[in-house]
Amino acid sequence: LGHAGKVVLVNLTTGKTREFKQFNNGLYGAGYVDGLAVDSNTGIVCITTEINAQVAFYKLSNGTGVWVQLPNTGPDSELNSGWVVANDPLHRLFLVTQPYTSTGSSGSSIDVYDETGNLIEDINGFNFEDANYPPNVLKIVANPSLRIGWVNGPNGNQIQQFFY
């Protein structure tokens, strides 16, 4: 197994910190955090990690959780790693961007997970692989009440709409 990092929580009121070990079923050095989103209603955080193409879901209250491999990837599928994450607190979902899809024939995808790590759906047909690097940093936004989202691309000055 690879070398896992730590998740550190900071109470901005008291300054106290608490940490827990990060999951990592990948090569040594895998587990670099690419994206993170928190459902503040449930206290669940979703973290995507590089090199191992995994997504982890932790309870902030105690650091327990689960990790899942992105669809059709292995613990060394760096190219297919997830990046930016958005949270839909209304439906308790996390939307994970995948610049290089592992479920479509080409391009990019969005993988939708529930808070326990179950894959709900893959949305293919995007092209935002160049949106990861400045000045076009990849972004994803969701409107949970309408189950509509937006992600930048295929060019830096464009956005793509999707339904989930």
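Residues numbered from 1 in each chain as written. Predicted model: local features only at pLDDT ≥ 70, side-chain atom pairs only at ≥ 80, totals over all residues. Heavy atoms only, no water.

Colleague: Which parts of the structure should I look at to understand the sheet that holds strand S11 (residues 140-143)?
Modeller: Sheets are built from strands that pair by backbone hydrogen bonding, the pairs being arranged parallel or antiparallel. The strand order across the open sheet formed by three strands is S11-S12-S13, and the pairing between neighbours is antiparallel. Either end of the sheet is taken by a strand with one partner, and the two such strands are S11 and strand S13 (159-163). Across the sheet, the mean angle from the axis of one strand to that of its neighbour is 20 degrees, orientation sign disregarded. Where strand S12 (residues 148-152) lies against S13, five bridges are found, and the strand directions are antiparallel. Among the inter-strand pairings, asparagine 152 is bridged to a residue of S13, identified as isoleucine 159. (Pairing = 2+ DSSP bridges. Helix = DSSP H or I, 4+ residues; strand = E, 2+ residues; numbered from the N terminus. Axes fitted to C-alpha atoms, helices over the stretch in contact; angles between N-to-C directions.)

Colleague: Explain the sheet that holds strand S7 (residues 85-88) here, please?
Modeller: Pairing in this open sheet of four strands is antiparallel, and the strands run S7-S8-S9-S10 from one edge to the other. With one partner strand each, in any of the chains shown, S7 and strand S10 (119-126) form the two edges of the open sheet. Across the sheet, the mean angle separating the axes of adjacent strands is 20 degrees when strand polarity is ignored. Pairing of strand S9 (residues 108-114) with S10, which is carried by six bridges, proceeds in the antiparallel orientation. Along S10, the bridge assignment pairs tyrosine 113 with leucine 119.

Colleague: In this structure, what is going on with the packing of aromatic side chains? I would like to understand it.
Modeller: Applying the stated criterion across every chain yields a total of four aromatic pairs. With a centroid separation of 5.7 Å and 90 degrees between ring planes, the pair formed by phenylalanine 126 and phenylalanine 162 is classed as edge-to-face. You can see phenylalanine 126 sitting in strand S10 and its partner phenylalanine 162 sitting in strand S13, a full 36 residues away along the chain. The same class applies to phenylalanine 126 as to phenylalanine 162, namely buried. Judged by centre distance (6.2 Å) and plane angle (45 degrees), the rings of phenylalanine 162 and tyrosine 164 are tilted. Overall, the relative accessible area of 3% leaves phenylalanine 162 in the buried class. For tyrosine 164, a relative accessible area of 9% gives the class buried. Among the aromatic residues, those joined into a ring-pair cluster are Phe57, Phe94 and Tyr113. (Phe/Tyr/Trp six-rings, centres within 6.5 Å; stacked < 30°, edge-to-face > 60°. Buried < 20%, exposed > 50% of the residue type's maximum accessible area, 1.4 Å probe, protein only.)

Colleague: I keep staring at a nonpolar patch on the surface and nothing clicks. Help me out?
Modeller: A surface patch of nonpolar side chains, amounting to about 330 Å² of accessible area, comprises Val8, Val10 and Leu12. As for its placement among the helices and strands, leucine 12 is situated in the loop between strand S1 (6-10) and strand S2 (17-21). The class of leucine 12 is exposed, set by a relative accessible area of 81%. (Patch = residues over 30% accessible without salt bridge, like charges linked within 9 Å, V, L, I, M, F, W, Y side chains within 5 Å. Areas by Shrake-Rupley, 256 points an atom, 1.4 Å probe, with all protein chains shown as cover. Salt bridge = Lys/Arg side-chain N within 4 Å of Asp/Glu carboxyl O.)

Colleague: Any chance you could explain the environment of phenylalanine 23 here in plain terms?
Modeller: Mapping phenylalanine 23 onto the fold places it in the loop between S2 and strand S3 (33-39). Residues phenylalanine 23 and isoleucine 47 lie 24 residues apart in sequence; the distance between their C-alpha atoms is 9.9 Å.

By themselves, these observations are geometric and do not establish any function.
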